[in-house]
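Listed below, chain by chain, are the residues.
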Amino acid sequence: MGDAFKALADPTRRRILELLAQGNLTAGEIAAQFDMTKPSVSHHLNILKAADLVSDERSGQNIVYSLNLTVFQELMKWFYDCGFVKGGTDDEKT
């Protein structure tokens, strides 16, 4: 889980995740959203892949990226278990 937190610490990687939350994208489509070189975007994608936050699949000549929601569910469970996120209607009253 440490890799996931490290990956989430960077604003560019968080923006990539926001883009992927809207749907699967190719590496080129992701790179087009940033004012940086394609190798730099690829570096960020590799960090997200290493943290299991995104997955990739080859489709012809393209690589298509998608969110790995399982890791996000594990992260949210950790936040709840540690008490960082309150749940239920009783918490909303305080």
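Residues numbered from 1 in each chain as written. Predicted model: local features only at pLDDT ≥ 70, side-chain atom pairs only at ≥ 80, totals over all residues. Heavy atoms only, no water.

(A) Layout of the nonpolar core. Core analysis: the largest hydrophobic core is formed by 19 residues, its most contacted members being I16, L20, I30, L48 and L53. Where this core is concerned, the elements lending two or more residues are α1 (2-8), α2 (11-21), α3 (27-31), α4 (38-50) and α5 (69-81). Of all the elements, α2 adds the most residues to this core, at 4 residues. Sequence-distant contacts of I30, that is, excluding residues within four places in its chain, are made with I16, L20, L25, V41, L45 and Y65. (Core = buried A, V, L, I, M, F, W, Y, C linked by side-chain atoms within 4.5 Å. Buried < 20%, exposed > 50% of the residue type's maximum accessible area, 1.4 Å probe, protein only. Helix = DSSP H or I, 4+ residues; strand = E, 2+ residues; numbered from the N terminus. Contact = heavy atoms within 4.5 Å.)

(B) Region of interest: unusual backbone geometry. Not every positive phi belongs to a glycine, and D52 is a case in point at roughly 60°. Tracing the backbone shows D52 in the loop between α4 and β2 (54-59). Owing to a relative accessible area of 44%, D52 belongs among the partly exposed residues under this scheme.

(C) Local environment of the pattern of salt bridges. In total, this model carries 3 salt bridges according to the counting rule given. A salt bridge links E18 to R15, with the nearest nitrogen and oxygen atoms 3.3 Å apart. Of this pair, E18 and R15 both sit in helix α2, 3 residues apart, roughly one helical turn. For R15, a relative accessible area of 33% gives the class partly exposed. Note that K49 is salt-bridged to D56, the shortest N-O span being 3.0 Å. (Salt bridge = Lys/Arg side-chain N within 4 Å of Asp/Glu carboxyl O.)

(D) Focus on the sheet that holds strand β1 (residues 25-26). Strand order across the open sheet formed by 3 strands is β1-β3-β2, with antiparallel pairing between neighbours. Strands at the two margins of the open sheet, each flanked by one partner only, are β1 and β2. As paired elements, β2 and strand β3 (residues 62-67) share 6 bridges and run antiparallel to each other. Counted as the bridge partner of D56 is Y65 from β3. Running at roughly 115° to β2, α4 makes contact with β2 and β3 of the sheet. (Pairing = 2+ DSSP bridges. Axes fitted to C-alpha atoms, helices over the stretch in contact; angles between N-to-C directions.)

(E) Broad picture of the pairing of β3. In terms of strand pairing, β1 meets β3 through 2 bridges, oriented antiparallel. In the strand pairing of β3, L25 is matched with Y65.

(F) Broad picture of the side chain of D10. On the secondary structure map, D10 appears in the loop between α1 and α2. Polar contacts involving the side chain of D10 include one to the main-chain amide nitrogen of R13, which spans 3.1 Å. (Polar contact = N/O pair within 3.5 Å; in protein donor to acceptor, adjacent residues only side chain to side chain.)

(G) Examining α2 more closely. Buried residues of α2: T12, R13, I16, L17, L19 and L20, and no others. Summarising the axial view, the buried residues of α2 lie within an arc of 160°, below the 170-degree limit, and thus occupy one face. In this structure, α2 carries P11 and A21 as exposed residues pointing more than 90 degrees from its buried face. With a side-chain oxygen lying 2.8 Å from the backbone nitrogen of T12, the N-terminal cap of α2 falls on D10. (Arc of directions from axis to C-beta.)

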